[in-house]
Amino acid sequence: MSNRDVIARDLNAVWHPCTQMKDHEWLPLVPIKRGEGIWLHDFDGNRYLDAISSWWVNLFGHANPRINAALKDQIDNLEHVILAGFSHEPVVELSERLVEITPAPLSRCFYTDNGSSAVEVALKMSYHYWKNCGNPNKTKFITLTQSYHGETLGTLGVGDVALYKETYKPLLMEAVTVPSPDCFHRDPDMSWEQHSRRMFAHMEAALEAHAHETAAVIVEPLLQCATGMRMYDPVYLELLREACDRHGVHLIADEIATGFGRTGTLFACEQAGIVPDFLLLSKGLTAGYLPLAVVLTSDHVYEAFYDDFATLRAFMHSHSYTGNPIACRAALATLDIFRDDDVIARNRALSAHMRRAVAHLEDHPHVGEIRQHGMVLAMEMVRDKSAQDPFPWQERRGIRVYQHALTREALLRPLGNVVYFMPPYVITEEQIDHLATVAAEGIDIATRD
Ligand code: PMP
């Protein structure tokens, strides 16, 4: 079997996610035969360094021996069982350990099988909590511009990515949308903290106007990934936590992308010293092995649903694969690695190295900004550096970086004009140096003419 064979069969039968399929008339698919550590190997003997963790999910490399061993053991014992009325050891142990590694008062775990459905659960739970507490008018949600929370109809409603949302607008609920604290747009003489504080005034105003009809504010803590790795300062979350409490509104922290060490701490919220009412985790939860997501909340929320059946206060939400045992075992093996290896400390050294490796690009005439939170580093390509003027999206310059990187053994997949590294934590300093070289070459090629 060669790349060509697989591509031909693929294009006959598969409809790929987030893709204009016509692009594949000129942009070849890359069929992967196997993965090992940081590397993805295709059918023709080429390899690619997975610098984006296969859509931000992989933490400890492909075919990780420790996770593989746990899964093989689990498959021989229990592959799946209904989680309504029944239980199993992996889901119990995982819930105990998630409660252990997250701050109080988070104490209850509700599972779904992907990030979007976890967001849906949090939105429903928040609204339903207020309803159960005699407050059925809290039907709205507040979100930030440039936010992304998934692509189901409910999550598109609280997201703000025009490319994904615009077409479906007539089908969506309407959220109150507040300008993002994105520090790329700060005045040149302002620090991230000053800018984030200043932008909070918009949130305060929205809460003042809408708190009475609002169930929750939903944010991606510190890092809005899908809209180009947009970053802000932890102070914004501190202010938000305080304001949500003062206004009687829940805070939903969507850490589906930021969780499990991506921003430098196990969870991004830690950097602000805050605890959300709902903490959403997925992606890294299983180190990129299996779809699993969890909504953590407090006993306080849980108790608002706890009553006799006939009161109809229960949270009647289910997915067939809720708390799948194999996925839970992958998550447990992932938590073992965090427990046994000093992952966060090692990452600190790796993120410092990433910054050093691209430092020379600060002066590149078409690099408007290099920004970083922990293990995520982003470089913004701009047409005019002094005006921070973007290249028009129609020019699709990021694809040129992607195409170049493939010829240099790297998988880089820019978001529009933003080239970023979000690698598995098993990456080495030499591999980071290689990525930096490839990114610099790619940016040169993409910004030419
Ligand atoms: N929230 C955030 C912050 C995400 O980055 C994503 C996925 N990129 C989601 C939600 C949706 O997760 P999923 O793709 O598993 O539905």
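Residues numbered from 1 in each chain as written. Predicted model: local features only at pLDDT ≥ 70, side-chain atom pairs only at ≥ 80, totals over all residues. Heavy atoms only, no water.

1. Some remarks on the overall build of the protein chain
Part 1 of the argument: Along the backbone of the protein chain there are 14 helices and 17 strands.
Part 2 of the argument: Whereas a compact globule of 449 residues would reach a radius of gyration of roughly 22 Å, the protein chain reaches 22 Å, a difference of no more than 12%.
Part 3 of the argument: Each principal axis of the C-alpha atoms in the protein chain carries an extent, and together these give about 65 × 60 × 45 Å.
Part 4 of the argument: Per-residue burial for the protein chain yields a buried fraction of 55% across its 449 residues.
Part 5 of the argument: Within the protein chain, counting contacts between residues at least 6 apart in sequence, those at least 24 apart form 70% of the total.
Part 6 of the argument: Measuring between centres, the 40 positive side-chain charges of the protein chain sit 3 Å from its 59 negative side-chain charges. (Helix = DSSP H or I, 4+ residues; strand = E, 2+ residues; numbered from the N terminus. Rg over C-alpha atoms; globule rule 2.2 N^0.38 Å. Buried < 20%, exposed > 50% of the residue type's maximum accessible area, 1.4 Å probe, protein only. Contact = heavy atoms within 4.5 Å. Lys, Arg positive; Asp, Glu negative; His and termini not counted. Charge placed at Lys NZ, Arg CZ, Asp CG, Glu CD.)

2. So, a nonpolar patch on the surface
Part 1 of the argument: On the surface, a nonpolar cluster with roughly 310 Å² of combined accessible area is contributed by L153, Y168 and L171.
Part 2 of the argument: Within the element layout of this structure, L153 appears in helix α6 (residues 153-157).
Part 3 of the argument: On the basis of relative accessible area, L153 is assigned to the partly exposed category, the value being 44%. (Patch = residues over 30% accessible without salt bridge, like charges linked within 9 Å, V, L, I, M, F, W, Y side chains within 5 Å. Areas by Shrake-Rupley, 256 points an atom, 1.4 Å probe, with all protein chains shown as cover. Salt bridge = Lys/Arg side-chain N within 4 Å of Asp/Glu carboxyl O.)

3. Considering the site of the ligand
Part 1 of the argument: The full set of residues close to the ligand is W56, N114, G115, S116, Y148, H149, G150, E220, D254, I256, A257 and K283.
Part 2 of the argument: S116 is positioned such that a nitrogen or oxygen atom in its side chain is 2.6 Å from an oxygen atom of the ligand.
Part 3 of the argument: Between the ligand and D254 there is a distance of 2.6 Å, counted from a nitrogen atom to a side-chain nitrogen or oxygen.
Part 4 of the argument: Looking at the shell around the ligand, its residues break down into 4 nonpolar, 5 polar and 3 charged. (Near = heavy atom within 4 Å. Polar contact = N/O pair within 3.5 Å; in protein donor to acceptor, adjacent residues only side chain to side chain. Nonpolar A, V, L, I, M, F, W, Y, C, P; charged D, E, K, R; others polar.)

4. Some details on the pairing of strand β10 (residues 250-254)
Part 1 of the argument: Summarising burial for β10: 5 of the 5 residues are buried, a large majority.
Part 2 of the argument: Here β10 shows no split at all, with H250, I252 and D254 on one side and L251 and A253 on the other all buried.
Part 3 of the argument: Pairing of strand β7 (residues 214-219) with β10 involves 4 bridges; the strand directions are parallel. Directly across from A216, in β10, lies its bridge partner H250.
Part 4 of the argument: Looking at chain direction, β10 and strand β11 (residues 278-281) are connected through 3 bridges and run parallel. Pairing of D254 across the sheet is with L280, part of β11. (Pairing = 2+ DSSP bridges.)

5. Topic: the domain arrangement of the protein chain
Part 1 of the argument: Taken as a whole, the protein chain is organised into domain 1 (31-63 + 344-446) and domain 2 (69-341).
Part 2 of the argument: Taken together, the contact between domain 1 and domain 2 spans 29 residues of the former and 29 residues of the latter.
Part 3 of the argument: Between domain 1 and domain 2, a total of about 2500 Å² is buried, with carbon and sulfur atoms accounting for 65% of that surface.
Part 4 of the argument: For the interface between domain 1 and domain 2, the tally reads 2 salt bridges.
Part 5 of the argument: With a closest N to O distance of 3.3 Å, E380 and R230 form a salt bridge.
Part 6 of the argument: The tally of links between domain 1 and domain 2 comes to 13 residue pairs in polar contact (both at pLDDT 80 or more).
Part 7 of the argument: Here the side of domain 1 that touches domain 2 takes 5 residues from strand β13 (residues 367-373), the largest share from any one element. (Domains from an automatic or database assignment. Buried area = accessible area lost by both parts, 1.4 Å probe.)

6. Details of the packing of helix α8 (residues 192-210) against helix α9 (residues 235-247)
If you want to describe how two helices pack, look at the angle between their axes and the distance between the axes.
Part 1 of the argument: The geometry of α8 relative to α9 is characterised by a closest axis approach of 9 Å and an angle of 20° between their N-to-C directions. When the axis of α8 is compared with that of α9, the two are roughly parallel. Read as a crossing pair, α8 and α9 show a hand that is right-handed. Along its contact with α8, which presents E193, S196, R197, M199, F200, M203, E204, L207 and E208, the element α9 presents V235, Y236, L239, L240, A243, C244, R246 and H247. (Axes fitted to C-alpha atoms, helices over the stretch in contact; angles between N-to-C directions. Parallel < 35°, antiparallel > 145°, perpendicular 65-115°, else oblique. Left-handed = near helix turned anticlockwise from the far one by under 90°.)

7. Observations regarding α8
Part 1 of the argument: Its 19 residues place the ends of α8 27 Å apart at the C-alpha level, agreeing with the 27 Å of an ideal helix rising 1.5 Å per residue.
Part 2 of the argument: Those residues of α8 that fall on the buried side of the exposure criterion are H195, S196, M199, F200, M203, E204, A206 and L207.
Part 3 of the argument: Taken together, the buried residues of α8 touch β5 (140-144), β6 (176-178), β7 and α9. (Expected span 1.5 Å × (residues − 1).)

8. Side note on the packing of aromatic side chains
Part 1 of the argument: Going through the model one piece at a time under the given rule, you end up with 12 aromatic pairs.
Part 2 of the argument: Residues F60 and Y425 carry aromatic rings whose centres are separated by 6.0 Å and whose planes lie at 80° to one another, so their mutual orientation is edge-to-face. One end of the pair, F60, is in the loop between α2 (53-56) and α3 (65-75); the other, Y425, is in the loop between β17 (418-421) and α14 (429-447), and 365 residues separate them in sequence.
Part 3 of the argument: Residue classification places F60 among the buried residues on the basis of a relative accessible area of 8%.
Part 4 of the argument: A ring pair is formed by Y129 and W130, whose centres lie 5.0 Å apart and whose planes are at 85°; its orientation type is edge-to-face. The two residues Y129 and W130 agree in class, both being buried.
Part 5 of the argument: Through a chain of ring-to-ring contacts, three or more aromatic side chains come together here, namely F60, F260, F267, F338 and Y425.
Part 6 of the argument: The ring of W39 is capped by R47, whose NZ or CZ atom sits 3.7 Å from the centre of that ring.
Part 7 of the argument: A cation over an aromatic ring shows up here: R371 above the ring of F184, its NZ or CZ 5.4 Å from the ring centre. (Phe/Tyr/Trp six-rings, centres within 6.5 Å; stacked < 30°, edge-to-face > 60°. Lys NZ or Arg CZ within 6 Å of the ring centre and 35° of its normal.)

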